[in-house]
Amino acid sequence: MNKSWLNIRNRVDQKYRDGVEGFLNWAFSQPKVNTMIRCPCKGCMNTVFKLRIDIRVDLLKKGFWDSYKVWDLHGEVLVRVENSNAALNDEVDVDSAEEDDITQMIHDAYGYMNLDNNATYSEGNEEPNIYATKFYKLLEDGKTELYPGCTKVSKLSFVVKLLHLKSLNHWSNKSMDELLRLFKEVLPEGSFVPSSFYEAKKVLHDLGLGYTKIDACQNDCILYWSDYVNAQSCPKCGKSRWKSVKPKGKKVAHKVLRYFPIKPRLQRLYMEKETSKKMRWHKEENIDDDVMCHPSDSIEWKFFNEHHPTFLAELRNVRLGLASDGFQPFGNMSSNHSIWPVVLVTYNLPPWDCMKDPYFMMTLLIPGPKSPGNDIDVYLQPMIDELKELWDGVETYDAHSKSNFLMRVALLLTINDFPAYGNLSGWSTKGKLACPCLHKDTQSISLRNKLCYMGHRCFLPMNHPWRKNRMLFDGKVEMGIAPSPLTGDEPLMQLYELGNVSFGKVQKRKRNVSNNAYNWKKKSIFFQLPYWKSLKLRHNLDVMHIERNVSDNILSTVMSMVGKTKDTLKSKYDLVDLGIRQELHLIEDGDNILLTAACYALSLQEKLKLCNSIPIGFHFHLKMGSL
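What comes next is a walk through the structure. Here, residues in each chain are numbered from 1, in the same order as that chain's written sequence. Totals for whole chains, interfaces and linings use all residues, but because this is a predicted model, local features are given only for residues with pLDDT of at least 70 and pairs of side-chain atoms are given and counted only at 80 or more. Each side-chain value is worked out from all heavy atoms of the structure, with water and hydrogens disregarded.

### Things to note about the overall build of the protein
- Along the backbone of the protein there are 21 helices and 17 strands.
- Three exposure classes are used, based on accessible area relative to the maximum for each residue type with a 1.4 Å probe and protein chains only: buried under 20%, partly exposed in between, and exposed over 50%. Across the 627 residues of the protein, 41% fall into the buried class.
- Two residues form a contact once any of their heavy atoms are found within 4.5 Å. Of all intrachain contacts in the protein linking residues separated by at least 6 positions in sequence, the fraction that spans at least 24 positions is 58%. Counting from the N terminus, the helices are the DSSP runs of H or I reaching at least four residues and the strands are the DSSP runs of E reaching at least two.

Laid out in structure tokens, this is it:
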């Protein structure tokens, strides 16, 4: 089929719409197709079966999945011809495969970019530590022939592919053992084929691609870990640890936390020569020109250096950021299932690398189906314990200087949207004191429909004209000064008034109503880190969420989008209650109530002009009659 229409970015374009119709006609004409096929839009990505009309709407609204080049899941067959002789003889060389990328797999596990595989250790250079030695042994296994004279597969790639087949085809461990014994018998003498499934797993053990499973209480009360590792039921809520007991006595836990250790992955960053050099970029190559282009230019970074000079003395010490949010792992977005990954980002790297996927480290995978909410601290315990250990330091081999050093690690900040901010910080982002910046000085007004937060003009300079402008704001002059953020022991003094908080969905939390506790709902587990209370800016809001929500609300309001605009009947009543913006008040005409148009309200022609100058999504809504 002609696929040129896939390159058209404007999904309102008639050529794109014709291309969608052509694809649907072709896909639904394939044999064995009934009423539903896989939806190849960017949202579904061939994971959901839908009707034709639903797929058409998705392709026009979300676009075609860019990575889906060969439509094999919809009937397209790709025949690969290696050369002209094969074409003439109608033969396809099925044995020709892409060259093994086993070395790249080791790169992904231990580091990134080009490895110094031929590194030699001249006199005066230290030998790698035990962990680094395992890494270089994997490189050697990746080049070792499976048996003398074998050029198609190495020892390591053979084991990787065989275990991959076992996983895909659900082979039992017993069948795997018998297959390996057969390979051992038929291959030439001196082959490196493992003798059993256990031996095959040992070959891959040094890749460090595994994780630790930790059972959790179904009500998020505790982890069956540390003091509770052998407990059979929750000591707080009394619920059983096990959901079911399978044949042969195998037990299945209600919830399982996946924990990916931090220490080995940080050590791998220093085992690769180029990456090890990049880990020094924040100190050796970053230019201090008063321009914010890297976290090392921030006030928080410099404030931390001043308070921890011993940490600053070793430029290879690692600074991390943490991000977490819930997501729907299944194709059916109507489901409420929520899984929370916790990701660490390495800030030593230059700005063009620290935000790339290879350097993102998923540390925790918190199970669903519901958000952990305030109980997220229960699941953060293994990570916090390892971060406390890393603050004291761990021996690490530096491939760039070919020496071992004591690597220390500090978590500088967290980055989240506003609800997750409350879960991690312990400060409630709801109620009269919801603002974590204004904290106890938050000014809120109870309206008939909602709480309204005011008084943010206090952050403006004292001579700013908006401070005296009554008409544009709440009808008052703002002469207050911006409150100072909570630093040092100040939050701990307020948290002392809160008292102990019990975790768990069935626990009845009795919050201390003392005025000194303010809006705290718990003492965050991050305060267990010895340096946490000395940080100036512990928790940050994700700019992406803010930009998206603000722009969406502004555009929806000026475009008067039904169900999304903020200029509603309720907001008009709020203006009446506040006694401001008389020009926007409701007009009563007998039994009828007339809404007055705001100055930013656009006419139909103005909406069309705006749609022609912004991305495609609004074109689609306009076509579908949403405006």
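### Considerations on the packing of aromatic side chains
- Stacked, tilted and edge-to-face are the three classes applied to pairs of Phe, Tyr and Trp rings, where Trp contributes its six-membered ring and a pair requires centres within 6.5 Å; stacked means planes under 30 degrees apart, edge-to-face means over 60, and tilted covers the rest. A full pass over the atoms with the stated rule returns 22 aromatic pairs.
- A centroid spacing of 5.5 Å and a plane angle of 85° characterise the contact between Phe158 and Phe183, whose relative ring orientation is edge-to-face. Here Phe158, found in helix H6 (residues 155–169), pairs with Phe183, found in helix H7 (residues 173–186); they are 25 residues apart in sequence, far enough to count as distant.
- Owing to a relative accessible area of 12%, Phe158 belongs among the buried residues under this scheme.
- Ring geometry for Phe526 versus Trp532: centroids 5.0 Å apart, planes at 25°, classification stacked.
- For Trp532, a relative accessible area of 0% corresponds to the buried category.
- Members of the aromatic cluster, connected to one another through ring pairs, are Trp5, Tyr16, Phe23, Trp26, Phe64, Trp65, Tyr68 and Trp71.
- Residue placement shows Arg316 over the ring face of Phe405; its charged tip is 4.0 Å from the ring centre.
- Either the NZ atom of lysine or the CZ atom of arginine qualifies as a charge over a ring when it sits within 6 Å of the ring centre and within 35 degrees of the ring normal. In this structure, Lys536 is placed above the aromatic ring of Phe303, and the distance from its NZ or CZ to the ring centre is 5.3 Å.

### A short note on helix H19 (residues 569–578)
- Looking at H19, one finds that the buried residues are Ser571, Lys572, Asp574 and Leu575. Looking straight down H19, one finds that the buried residues subtend no more than 155° of arc, so they occupy a single side. Throughout, the arc means that of the directions going from the helix axis to the C-beta atoms.

### Structural notes on the packing of helix H1 (residues 14–27) against helix H2 (residues 52–61)
- Packing of H1 against H2 brings their axes to within 11 Å, and their N-to-C directions diverge by 145°. Like other packed secondary-structure pairs, H1 and H2 cross with a definite hand, here right-handed. Note on element contacts: H2 touches H1 through Arg52, Ile55, Arg56, Leu59 and Leu60, opposite Tyr16, Arg17, Val20, Glu21, Phe23, Leu24 and Asn25.
- Polarity classes work like this: nonpolar for Ala, Val, Leu, Ile, Met, Phe, Trp, Tyr, Cys and Pro, charged for Asp, Glu, Lys and Arg, and polar for all others, with Gly in that last group. Residue composition of the contact of H1 with H2, by class: seven nonpolar, one polar and four charged. Here an angle of 0 to 180 degrees is reported between the N-to-C directions of two axes, which are lines fitted to C-alpha atoms, with helices fitted over the stretch in contact. Should the near helix be turned anticlockwise from the far one by less than a right angle, the crossing is left-handed, and should it be turned clockwise, the crossing is right-handed.

### What about unusual backbone geometry?
- In this model, Gly368 is joined to Pro369 through a cis peptide bond whose omega is 10°.
- Residue placement: Pro369 occurs in the loop between strand E9 (360–366) and helix H15 (376–392).
- At His439, a position not held by glycine, the phi torsion is positive, near 40°.
- Note that His439 resides in the loop between helix H16 (418–425) and strand E13 (443–446).
- According to the relative accessible area criterion, His439 is buried, its value standing at 3%.

### Regarding the pattern of salt bridges
- Only one rule defines a salt bridge in this text: a Lys or Arg side-chain nitrogen within 4 Å of an Asp or Glu carboxyl oxygen. As enumerated under the stated definition, the model contains 21 salt bridges in all.
- For Lys533, the salt bridge is made with Asp489, and the minimal N-O distance between the two is 3.3 Å. Pair noted here: Lys533 is in the loop between helix H17 (490–498) and strand E15 (539–541) and Asp489 is in the loop between strand E14 (451–454) and H17, with a separation of 44 residues, a long-range link.
- Lys533 gets classed as partly exposed once you look at its relative accessible area, which sits at 36%.
- For the salt bridge of Arg548 with Asp552, the shortest nitrogen-to-oxygen distance reads 3.8 Å. With a gap of four residues between them, Arg548 and Asp552 both fall in helix H18 (residues 543–558), about one helical turn apart.
- Each of Asp220, Lys255, Asp375 and Lys505 takes part in one network of salt bridges that share partners.

### With respect to the nonpolar core
- Counting residues in hydrophobic clusters, the biggest one holds 61 residues, and the most contacted among them are Ile262, Leu266, Leu320, Leu380, Met383, Leu411 and Phe526.
- With nine residues, H15 is the largest single contributor of residues to this core.
- Setting aside chain neighbours within four positions, we find Met383 in contact with Tyr259, Ile262, Leu322, Val342, Thr363, Leu364 and Phe526.
- Think of a nonpolar core as a cluster: buried Ala, Val, Leu, Ile, Met, Phe, Trp, Tyr and Cys residues, connected wherever their side-chain atoms sit within 4.5 Å. Formed by 18 residues, the second largest nonpolar core is a distinct cluster that contains Val20, Phe28, Cys39 and Phe64.

### Quick notes on H6
- In this analysis, the expected span of each helix is defined as 1.5 Å times one less than the number of residues it contains. The end-to-end C-alpha separation of H6 is 22 Å, in line with the 21 Å expected for 15 residues at 1.5 Å each.
- For H6, the full list of buried residues reads Lys155, Leu156, Ser157, Phe158, Val159, Leu162, Leu163 and Lys166.
- Two residues or fewer after H6 comes His170, characterised by a positive phi angle close to 60°.

### Let's talk about the side chain of His439
- Think of a polar contact as two N or O atoms within 3.5 Å of one another; within protein, one of them needs to be a possible hydrogen donor and the other a possible acceptor, and neighboring residues in sequence only count if both atoms come from side chains. Reaching out from His439, the side chain makes a polar contact with the backbone oxygen of Ser484 at a distance of 3.0 Å.
- Sequence-distant contacts of His439, defined by excluding residues within four places in its chain, comprise Trp427, Leu433, Pro483, Ser484, Pro485 and Leu486.

### As for the environment of Trp225
- On the secondary structure map, Trp225 appears in the loop between strand E3 (212–216) and strand E4 (242–245).
- Along the primary structure Trp225 and Lys213 are separated by 12 residues, whereas in three dimensions their C-alpha atoms are 9.9 Å apart.
- Apart from the residues lying within four places of it in its own chain, the contact partners of Trp225 are Ile214, Gln381, Pro382 and Asp385.

### Brief notes about the sheet that holds strand E12 (residues 409–416)
- Whether two strands pair depends on DSSP finding at least two bridges between them. Pairing in this open sheet of seven strands is mixed, and the strands run E3-E6-E9-E8-E7-E12-E15 from one edge to the other. Edge positions in the sheet fall to E3 and E15, since each of these pairs with one other strand and no more. Each adjacent strand pair in this sheet contributes to an overall mean axis angle of 25°, direction not counted.
- Relative to strand E8 (residues 340–346), strand E7 (residues 318–324) is paired through five bridges, and the arrangement is antiparallel. Of the residues in E8, the one forming a bridge with Gly321 is Val345.

### Examining a positive patch on the surface
- Here the term patch refers to residues with relative accessible area over 30% and no salt bridge, with like charges joined within 9 Å and nonpolar side chains (Val, Leu, Ile, Met, Phe, Trp, Tyr) within 5 Å. Residue exposure ignores everything except the shown protein chains as possible cover, and the areas themselves are Shrake-Rupley values with a 1.4 Å probe. Positive charges come from Lys and Arg, negative ones from Asp and Glu, while His and the chain ends are left out of the count. The location of each charge is read from NZ of Lys, CZ of Arg, CG of Asp or CD of Glu. Positive charge collects at one region of the surface, where Lys213, Lys243, Lys246 and Lys250 lie side by side.
- As for its position among the elements, Lys243 is in strand E4.

### Structural notes on a nonpolar patch on the surface
- Judged by side-chain polarity, Phe418, Leu541, Ile546, Val550 and Ile554 come together as a nonpolar surface patch covering roughly 400 Å² of accessible area.
- It is H18 that provides the largest number of residues to the nonpolar patch, a total of three residues.
- Here Ile554 is to be found in helix H18.

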